[in-house]
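# Examination of the molecular architecture
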Amino acid sequence: MKKIELEIVALSHSITQTHSYAVVLGEVNGLRRLPIVIGGFEAQAIAVALEKMQPSRPLTHDLMKNFMTAFNIELHEIIISDLQEGIFYSKLICSSDHDTIEIDSRTSDALALAVRFGCPVYTYEHILESAGILMEDTGGKGKKGRTSTITQHEEQRGGKDDLKTMSLEDLNTLLNEVLEQEDYIRAIAIRDEINSRNKAR
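For the structure given in this document, a descriptive report is provided here. (Residues numbered from 1 in each chain as written. Predicted model: local features only at pLDDT ≥ 70, side-chain atom pairs only at ≥ 80, totals over all residues. Heavy atoms only, no water.)

Right, let's get into the pattern of salt bridges. All chains considered together, the criterion is met by ten salt bridges. For the salt bridge of Arg-116 with Asp-62, the shortest nitrogen-to-oxygen distance reads 2.6 Å. Here Arg-116, found in helix H3 (residues 107-117), pairs with Asp-62, found in helix H2 (residues 60-70); they are 54 residues apart in sequence, far enough to count as distant. Among the ionic pairs, Lys-91 bridges to Asp-104, the shortest N-O distance being 3.2 Å. Here Lys-91, found in strand S5 (residues 87-95), pairs with Asp-104, found in strand S6 (residues 100-106); they are 13 residues apart in sequence, far enough to count as distant. The structure contains a network of salt bridges with shared partners spanning Glu-27, Arg-32 and Glu-125. (Salt bridge = Lys/Arg side-chain N within 4 Å of Asp/Glu carboxyl O. Helix = DSSP H or I, 4+ residues; strand = E, 2+ residues; numbered from the N terminus.)

Trans is the common state for peptide bonds, and a negative phi is the common state for residues other than glycine. One non-glycine residue, Asn-29, adopts positive backbone phi at about 60 degrees. Here Asn-29 lies in the loop between strand S2 (21-27) and strand S3 (32-38). Phi at Lys-52 takes a positive value of approximately 55 degrees, unusual for a residue other than glycine. With respect to the secondary-structure elements, Lys-52 resides in the loop between helix H1 (40-50) and H2.

In this section: the sheet that holds S3. Sheet architecture is open: eight strands sit in the order S6-S5-S4-S7-S1-S2-S3-S8, paired in mixed fashion. At either margin of the open sheet sits one strand with a lone partner, and together these are S6 and strand S8 (133-134). In the sheet, S5 pairs with S6 via seven bridges, with the strands oriented antiparallel. The residue of S6 that forms the bridge with Cys-94 is Ile-101. (Pairing = 2+ DSSP bridges.)

Tracing the sequence through the fold places Glu-193 in helix H8 (residues 184-200). With residues near it in sequence (within four places) discarded, Glu-193 still touches Leu-163, Lys-164 and Leu-171. (Contact = heavy atoms within 4.5 Å.)

This part covers H8. Taking 1.5 Å per residue as the helical rise, H8 with its 17 residues ought to reach 24 Å, and the 24 Å between its terminal C-alpha atoms agrees with that figure. Among all positions in H8, only Tyr-184, Ile-185, Arg-186, Ala-187, Ile-188, Ala-189, Ile-190, Arg-191, Glu-193 and Ile-194 are buried. (Expected span 1.5 Å × (residues − 1). Buried < 20%, exposed > 50% of the residue type's maximum accessible area, 1.4 Å probe, protein only.)

Here the focus is the packing of helix H7 (residues 168-180) against H8. In the contact formed by H7 and H8, the axes pass within 9 Å of each other and the chain directions differ by 155 degrees. It follows that H7 is roughly antiparallel to H8 by the angle criterion. Between H7 and H8 lies a crossing whose hand is left-handed. Seen from H7, the contacting residues are Leu-168, Leu-171, Asn-172, Leu-174, Leu-175, Val-178 and Leu-179; seen from H8, they are Tyr-184, Arg-186, Ala-187, Ile-190, Arg-191, Glu-193, Ile-194, Arg-197 and Asn-198. (Axes fitted to C-alpha atoms, helices over the stretch in contact; angles between N-to-C directions. Parallel < 35°, antiparallel > 145°, perpendicular 65-115°, else oblique. Left-handed = near helix turned anticlockwise from the far one by under 90°.)

A few words on the packing of aromatic side chains. Applying the stated criterion across every chain yields a total of one aromatic pair. With centroids separated by 5.1 Å and ring planes inclined at 40 degrees, the aromatic side chains of Phe-67 and Phe-71 adopt a geometry described as tilted. Under the relative-accessibility criterion, Phe-67 is labelled partly exposed at 49%. With a relative accessible area of 55%, Phe-71 lands in the exposed category. Above the plane of the ring of Tyr-122 lies Lys-3, whose end atom (NZ or CZ) is 4.6 Å from the centre. Between the NZ or CZ atom of Lys-65 and the centre of the ring of Phe-117, over which it lies, the distance is 5.4 Å. (Phe/Tyr/Trp six-rings, centres within 6.5 Å; stacked < 30°, edge-to-face > 60°. Lys NZ or Arg CZ within 6 Å of the ring centre and 35° of its normal.)

We now examine H7. Here H7 spans 19 Å end to end across 13 residues, near enough to the 18 Å set by a 1.5 Å rise per residue. The set of residues buried in H7 consists of Leu-168, Leu-171, Leu-174, Leu-175, Val-178 and Leu-179. The buried residues of H7 occupy an angular sector of 135 degrees when the element is viewed end-on, so they sit on one face. (Arc of directions from axis to C-beta.)

Structurally, Ser-105 can be placed in strand S6. Under the relative-accessibility criterion, Ser-105 is labelled buried at 15%. With near-sequence residues (within four places) excluded, Ser-105 lies in contact with Tyr-89, Ser-90, Leu-92 and Ala-110. Of the polar contacts made by the side chain of Ser-105, one reaches the backbone nitrogen of Ala-110; its length is 3.4 Å. (Polar contact = N/O pair within 3.5 Å; in protein donor to acceptor, adjacent residues only side chain to side chain.)

Structure (structure tokens):
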């Protein structure tokens with residue numbers, strides 16, 4: 001299968017759900033985005049590496065990198081290789097002096113290591129097709145720091161359950177509005193509802 005390269009384009013905190021984060025991967029030279037919900041600890045681990053901060057003591061992923069480096073193990077790439085029931089599965093492609101092996105990993109941990117090693121991130125077309133979101137090419141970036149009044153309103157009216165009462169056209173409109181507000185957690189819920197409707201046809 002042909003691999004598609006991704007890069008981290010955003011680390012988003014949910015406006016409507018506390019303690020929820022999404023790491024947003026963008027298709028290199030493409031318009032598709034792949035948002036993945038992660039925990040707070042993993043979000044912090046990725047953010048620390050992205051910002052090149054130096055914690056006073058090594059975080060778990062720093063320890064893992066130090067361990068691998070000490071034993072001459074190189075991380076060449078990570079592959080987001082599968083998606084089952086909304087859960088992403090990843091592999092670390094590593095090599096030592098004598099061997100190259102694949103190691104199963106949670107996607108959030110794989111991304112935290114990829115940022116530290118500076119290695120590429122890949123996925124496959126079928127994963128982007130089923131879980132990706134196509135961004136409109138507006139020629140500019142979305143405005144950061146704005147509060148999503150639409151998203152908050154939806155949350156007050158019943159949140160995720162309310163999506164089931166909306167038409168497909170309204171869902172697509174809401175998805176674009178939520179993406180503009182950069183609430184990727186909410187966008188994932190809307191995308192999943194759209195996908196389930198399309199499958200039911």
